[in-house]
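Below are the chains, spelled out letter by letter.
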Amino acid sequence: MDQYIIKGGNPLVGEVEIAGAKNAALAILAAAIMTDDTVLIENLPDVRDINVLLEAIAEIGAKVDRINRSTVRINGSTIQDISVDYEYIKKIRASYYLLGALLGKYKKAEVPLPGGCNIGSRPIDQHLKGFRALGAKVDIINGAIVAKADQLHGSHIFLDMVSVGATINIMMAASMAPGRTIIENAAREPHVVDVANLLNCMGANIKGAGTDVIRIKGVEKLHGTEYSIIPDQIEAGTFMFAAAATRGDIMVKNVIPKHLEATTAKLEEIGCEVEEFDDAVRVVASKRLRRTHVKTLPYPGYPTDMQPQIAVTLALAQGTSIVTESIFENRFKYADELARMGANIKVEGNTAIIDGVEKLSGARVSAPDLRAGAALVIAGLAAEGITIVDDIVYIQRGYENFEHKLRSLGAEIERVSSEKEIQKFKLRVG
Ligand code: UD1
């Protein structure tokens, strides 16, 4: 099993290019099969989740032509199977987007029910409620969601909670459901807008994406297009916090600064300088940072996917901080690992109380999930001595070339898979 070995203590300095947004890409790839024409997608991140979804799409019969690591051509005219294999859904929950895409296009879909997840229970009742409102009969048969409709129709849907996945899934199916659909209490995340933009480029009629009311006029057919995915605001935010925690100076390039506002505001609040450019942000942390409170919320609030990264940074800040997680129930699994590095962090329910310490020290820790894994890498980069991060398979799900990008900023980090490689790294860094 691969691990990261890190010698911490270097401020990260330099420039880094951000890849396309993983969470937008997952939905966009699914949406691309909704036409029989070819859809060309650019700025695709080369990460494990994306590669698994492309395999799932090829498996149901679509033509998938990976032109290069960031570009793919998809043609859904050859799809023969509306049933997605459990092998894919167990690897990436977001293959549930194939449900909305297949249901919209073929009026039937069969996708295994995604299991629990290591950040807590993640029901998909709102997705199913939406499909039912559009006229589909939805049953759970042998662990799979089977959705079928003689004909879909537009509907007025009020989501019980703000859900990115449900908003996108319903939007996809509704774009090919005759009549008008209104989704109320819709998620406003940038990737919801990105998927709506793609669908509109394919001939859909979706208005209001980015607000909490999305209006869709169903069309009979979608057509091919070429589309470039937005930059990944979570990857960008991760590097912004890497600059903060290591007291570095990073120019984060190829971003949409507007999407990063919640992160930028918190960084400024704790004492970083953040400079915004048209498509870049520079984060400079020249002194010890100070405490703050933060609560995760749907966009435009502070993102849950950036919660572990800010917590690691606050572990080194002056004073007591409170981090409240309001989206997922079990997103503090990294706290014990961070404590092993010397952090003073106590979790009570959905709150972490962090008393900042002057220094963290390297330890062997384990990545409990994707974003917490990246945050532990940041902790290792900021800590004194050697840190080994186990289970980095989680990190590879969502960060393209993570260790290369960090090394280009001056980090001493290596991906290793044996004791011999660990010893070699230790000898090299002294
Ligand atoms: C997406 C992101 C994930 C991010 C999350 C919140 C992708 C692939 N993943 O996940 O990285 O952390 O948004 O920004 O884009 N809920 C229900 N019933 C439902 C749907 C959701 O109860 O039918 C609850 C969830 O348990 C959670 C909350 O609603 O508490 C928000 O979840 P949701 O926005 O749906 O997250 P995902 O789309 O799964």
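Because the structure is predicted, anything quoted here is derived from the model rather than measured. Each chain has its residues counted from 1, running along the sequence as written. Thresholds applied to this predicted model are a pLDDT of at least 70 for local features of residues and 80 or more for the giving and counting of side-chain atom pairs; totals over whole chains, interfaces and linings are not thresholded and use all residues. Only hydrogens and water are set aside; all other atoms, that is, all heavy atoms of the structure, feed into the side-chain values.

**Student:** Would you explain the overall build of the chain in this entry?
**Tutor:** A helix here means a DSSP run of H or I that spans at least four residues, while a strand means a run of E at least two residues long, and both kinds are numbered starting from the N terminus. Scanning the chain for helices and strands turns up 15 helices and 23 strands. Just to be clear, the radius of gyration here is over C-alpha atoms, and the globule rule we use is 2.2 Å times residues to the power 0.38. Relative to the 2.2 N^0.38 estimate, which gives 22 Å for 430 residues, the radius of gyration of the chain is 22 Å and therefore close to what a compact globule would have. A principal-axis box enclosing the C-alpha atoms of the chain has dimensions of 65 × 45 × 40 Å. The buried share among the 430 residues of the chain stands at 57%. We call two residues in contact whenever any of their non-hydrogen atoms come within 4.5 Å of each other. For the chain, restricting intrachain contacts to residue pairs at least 6 apart in sequence, the fraction spanning at least 24 positions comes to 72%. In this tally, Asp and Glu contribute negative charge and Lys and Arg positive charge; neither His nor the terminal groups of the chain are included. Charged groups are reduced to one reference atom each: NZ for lysine, CZ for arginine, CG for aspartic acid, CD for glutamic acid. Taking the 49 positively charged and 54 negatively charged side chains of the chain as two groups, their mean positions are separated by 2 Å. Burial classes: relative accessible area under 20% of the type maximum marks a residue as buried, over 50% as exposed, and values in between as partly exposed (1.4 Å probe, protein chains only).

**Student:** Just checking my understanding: could you explain the side chain of Q126 for this structure?
**Tutor:** With respect to the helices and strands, the residue Q126 is situated in helix α5 (residues 125-133). Looking at Q126, its side chain comes within polar contact range of the side chain of D125, at 2.8 Å. Q126 has contacts with L159, D160, M161, A166 and I170, leaving out every residue within four places of it along the chain. Distance and chemistry together define a polar contact, namely a pair of N or O atoms within 3.5 Å, with one atom able to donate a hydrogen and the other to accept it when in protein, and with adjacent residues in sequence counting only for side-chain atoms on both sides.

**Student:** Quick question: what am I supposed to make of the site of the ligand here?
**Tutor:** Each residue is tested against the molecule or strand, and it is near if at least one of its non-hydrogen atoms lies within 4 Å. Close to the ligand lie 22 residues; Q126, S163, V164, D305 and I327 are nearest. Within the side chain of N23, one N or O atom sits 3.1 Å away from an oxygen atom of the ligand. At 2.6 Å, a side-chain N or O of S163 approaches an oxygen atom of the ligand. Every accessible area reported is derived by Shrake-Rupley at a probe size of 1.4 Å, with residue values counting cover from the shown protein chains alone. Look at the ligand: alone it shows 740 Å² of surface, and the protein chains cover 87% of it. Secondary structure elements with two or more residues in the shell around the ligand: α1 (22-32), α5 and α6 (164-174). When grouped by side-chain class, the residues that make up the shell around the ligand number 10 nonpolar, 8 polar and 4 charged. Throughout, the ten residues Ala, Val, Leu, Ile, Met, Phe, Trp, Tyr, Cys and Pro are labelled nonpolar, Asp, Glu, Lys and Arg are labelled charged, and all others, Gly among them, are labelled polar.

**Student:** Even after reading the chapter, I still don't get the side chain of H127, so can you show me in this structure?
**Tutor:** Looking at the element boundaries, H127 is found in helix α5. In this structure H127 comes out as buried when scored by relative accessible area, which is 3%. At a separation of 3.1 Å, a polar atom in the side chain of H127 contacts the side chain of N169. What H127 contacts, discounting residues up to four positions off in sequence, is Y96, S163, G165, A166, N169 and I170.

**Student:** I would appreciate a short explanation of helix α10 (residues 307-314) in the present structure.
**Tutor:** Since the α-helix turns once every 3.6 residues, residues separated by three or four places project in the same direction. Of all 8 residues making up α10, 8 are buried, and the element is well covered by its neighbours. Restricting attention to buried positions, one finds in α10 the residues Q307, P308, Q309, I310, A311, V312, T313 and L314.

**Student:** Explanation requested: the pattern of salt bridges in the structure shown.
**Tutor:** Side chains that carry opposite charge are capable of pairing whenever their charged atoms lie near each other. Each salt bridge in this description consists of a side-chain nitrogen of Lys or Arg and a carboxyl oxygen of Asp or Glu lying within 4 Å of one another. Under the criterion given, the structure shown has 24 salt bridges. The salt bridge partner of R397 is D49, with a shortest N-O separation of 3.0 Å. Of this pair, R397 sits in the loop between α13 (393-396) and α14 (402-407) while D49 sits in helix α2 (residues 48-59), placing them 348 residues apart in sequence. Through salt bridges with shared partners, a single network forms among D2, E403 and R415.

**Student:** Mind showing me how you'd approach unusual backbone geometry here?
**Tutor:** Leaving glycine aside, a negative phi is the common case for residues, and trans is the common case for peptide bonds. Here the bond from Y299 into P300 is cis, since omega is 10 degrees, no more than 30 degrees from zero. Mapped onto the elements of the fold, P300 is located in the loop between β17 (293-295) and α10. Of note in the backbone geometry, N43 takes a positive phi value of approximately 60 degrees without being a glycine. With respect to the helices and strands, N43 occurs in the loop between β3 (38-42) and α2. By relative accessible area, N43 is classed as partly exposed at 21%. In this model, N142 sits at a positive phi of 45 degrees, which is unusual for a non-glycine residue. Among the secondary structure elements, N142 is positioned in the loop between β7 (137-141) and β8 (144-148). According to the relative accessible area criterion, N142 is exposed, its value standing at 80%.

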